[in-house]
Amino acid sequence: MATVYFDEATRRFSKDDAPAVDGITLDIADGEFLVLVGPSGCGKSTTLRMLAGLEPVDGGRILVDGHDQKGVRPRDRDIAMVFQSYALYPNMSAAQNMAFALDNAKVSKAETKQRVAEAAKILELEQLLDRKPGQMSGGQRQRVAMGRAIVRNPKVFCMDEPLSNLDAKLRVSTRSQIAGLQRRLGITTVYVTHDQVEAMTMGHRVAVLRDGRLQQVDTPERLYDHPVNTFVAAFIGSPAITLVESEVREGVAHVHGVPVPLDRAVAGRAGEKVVVGLRPESWHVVPTPDQRSDGSNGSSSSNGATGIRTDGSLALAVELVESLGAESFVYGRPVDAAEGADRVTVRLDKRTHLTVGDVVHVQPNHGEVHVFDAASGERIE
Ligand code: ATP
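The rules behind the values
Residues numbered from 1 in each chain as written. Predicted model: local features only at pLDDT ≥ 70, side-chain atom pairs only at ≥ 80, totals over all residues. Helix = DSSP H or I, 4+ residues; strand = E, 2+ residues; numbered from the N terminus. Buried ≥ 20, exposed ≤ 12 C-beta atoms within 10 Å, placed from the backbone. Near = placed C-beta within 6 Å. Nonpolar A, V, L, I, M, F, W, Y, C, P; charged D, E, K, R; others polar. Axes fitted to C-alpha atoms, helices over the stretch in contact; angles between N-to-C directions. Parallel < 35°, antiparallel > 145°, perpendicular 65-115°, else oblique. Left-handed = near helix turned anticlockwise from the far one by under 90°. Contact = placed C-beta atoms within 7 Å. Pairing = 2+ DSSP bridges. UniProt positions renumbered as here; feature names shortened; annotations may be inferred.

- An unreviewed UniProt entry annotates the protein as Sn-glycerol-3-phosphate ABC transporter ATP-binding protein UgpC of Terrabacter terrae.

**What about the overall build of the protein?**
Thought 1: The helix and strand inventory of the protein stands at 9 helices and 20 strands.
Thought 2: With 381 residues in all, the protein has 38% of them scored as buried.

**Some thoughts on the site of the ligand**
Thought 1: Around the ligand, the neighbouring residues are Phe-13, Ala-20, Gly-38, Ser-40, Gly-41, Cys-42, Gly-43, Lys-44, Ser-45, Thr-46 and His-194.
Thought 2: For the shell around the ligand, a count of residues per class yields 3 nonpolar, 7 polar and 1 charged.

**Structural notes on unusual backbone geometry**
Thought 1: Each neighbour pair has its own omega, and for Ser-238 with Pro-239 the value is -5°, a cis peptide bond.
Thought 2: Within the element layout of this structure, Pro-239 appears in the loop between helix H8 (230-235) and strand S11 (242-247).
Thought 3: Phi angles above zero are rare outside glycine, and Glu-124 is one such case at about 55°.
Thought 4: Within the secondary structure, Glu-124 sits in the loop between helix H3 (109-122) and helix H4 (138-150).
Thought 5: Assessed through the 11 C-beta atoms surrounding it within 10 Å, Glu-124 is described here as exposed.

**Some words on the packing of helix H2 (residues 94-104) against H4**
Thought 1: One can describe the packing of H2 onto H4 by two numbers: an axis separation of 8 Å at closest approach and a directional angle of 30°. Between H2 and H4, the angle is such that the two are roughly parallel. Between H2 and H4 lies a crossing of right-handed hand. Contacts between H2 and H4 involve Ala-94, Asn-97, Met-98 and Ala-101 from the former and Val-144, Gly-147 and Arg-148 from the latter.
Thought 2: For the contact of H2 with H4, a count of residues per class yields 4 nonpolar, 2 polar and 1 charged.

**Description of the sheet that holds strand S19 (residues 359-364)**
Thought 1: Read across the open sheet, the 5 strands follow the order S15-S19-S16-S17-S18; overall the sheet is antiparallel. Where the open sheet ends on each side, the last strands, each with one partner, are strand S15 (283-285) and strand S18 (344-349). Neighbour-to-neighbour, the strand axes of the sheet open up by a mean angle of 50°, direction not taken into account.
Thought 2: The pairing of strand S17 (residues 327-334) with S18 spans 6 bridges and is classified as antiparallel. Its bridge partner being in S18, Gly-332 is matched across the sheet by Val-344.

**Focus: the environment of Asn-97**
Thought 1: The residue Asn-97 is located in helix H2 in this model.
Thought 2: The residues touching Asn-97, leaving out its near neighbours within four places in the chain, are Leu-88, Tyr-89, Met-92, Val-144 and Arg-148.

**Examining the UniProt feature "domain: ABC transporter" (unreviewed entry) in the protein**
Thought 1: Within this numbering scheme, the UniProt entry marks residues 4-236 as carrying the feature "domain: ABC transporter" (unreviewed entry).
Thought 2: Secondary structure over residues 4-236 splits into 36% helix and 24% strand, and the C-alpha atoms at its two ends are 25 Å apart.

**Looking at the pairing of strand S12 (residues 252-255)**
Thought 1: Only one face of S12 is buried, namely the one carrying Ala-253 and Val-255, since none of Val-252 and His-254 on the opposite face is buried.
Thought 2: Here S12 pairs with strand S13 (residues 258-261) via 4 bridges, running antiparallel. If you follow Val-255 over to S13, its bridge partner there is Val-258.
Thought 3: The antiparallel pairing of S12 with S13 creates a hairpin that spans 2 residues between the two strands, and His-256 there sits at a positive phi of about 50°.

This is the structure in structure tokens:
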């Protein structure tokens, strides 16, 4: 097992372009499962490949257990890589594929056999050891690729989108298998994915990358509850957070005209432009007059111009409903809002039935609002 330390690590493919990986500093603990996540082209694979020695480091350093890896050949790094393509040898059986690296490393035949048998047991591949990759399903091939990494008993696992060739259902079950396996083996793991759900469900910590730069490294809970900027807020969470530009006036911001009370620190920034973020679960439905038991009807009428009612709720015209069984997500546009106004996403429980074209009145929950500086996108505490 090992610690991994990226110290201002940089990779620049050409001197005219911005670096693909731009001064990343990241401290990975012994036995940790660290996920690198971000959109396509943000530098995840390049970061991983630098650690594995498959890509040079143009600036900064990468230390494994405190030792600078500069000049250490990939095969001497004691790092096992699992690729998206699995990279299995088609003419070799599952057992031969798993044994290959050990044969090359001059491990004795008896020990190789034992290690392959152990890995096959862990991965439930015992019945498939004689099959060639072409005779196995995608999920089985994926497990052989994992087995090939496990038999080496490396210091570090590097995994580059190892689940992306599996269908959606298999991906979900395999991700918990890999997370469970990593827990049992306790091997420091760096795992690359563009899928934020995969990142959030598997990682002890998640590092969010954008344009080669590290945005935030945190536990999944903290990333979700405390995103440091609008990019992280929007990238983490599904469906995505609703982000709306606003101005602080008299201690409140406004989301499509609806006042949102702010923490004292933010409320003091009168006149400043901010971006307000509300997650789908940070809204509640306000009953419409005909749903009210007191029979009142006129007190909460919409003022027409913005879809805001006098009780401070926002009227949303429902454009899409995604029903997931236990809950549903409603995507709506403020009634009478200017063209191009952003959609608002609201989570509802299964007792609330809405269809496209309905109007629903919603209000933000107190204390659940994220506020960011409009110019920099940075979180305002
Ligand atoms: P994806 O999720 O699409 O695999 P990624 O986050 O893993 O993307 P990288 O593959 O690390 O991104 O690429 C980062 C940037 O470096 C991209 O802009 C890419 O075009 C560029 N890049 C990657 N490999 C090379 C290369 N061999 N030569 C030149 N540019 C490269």
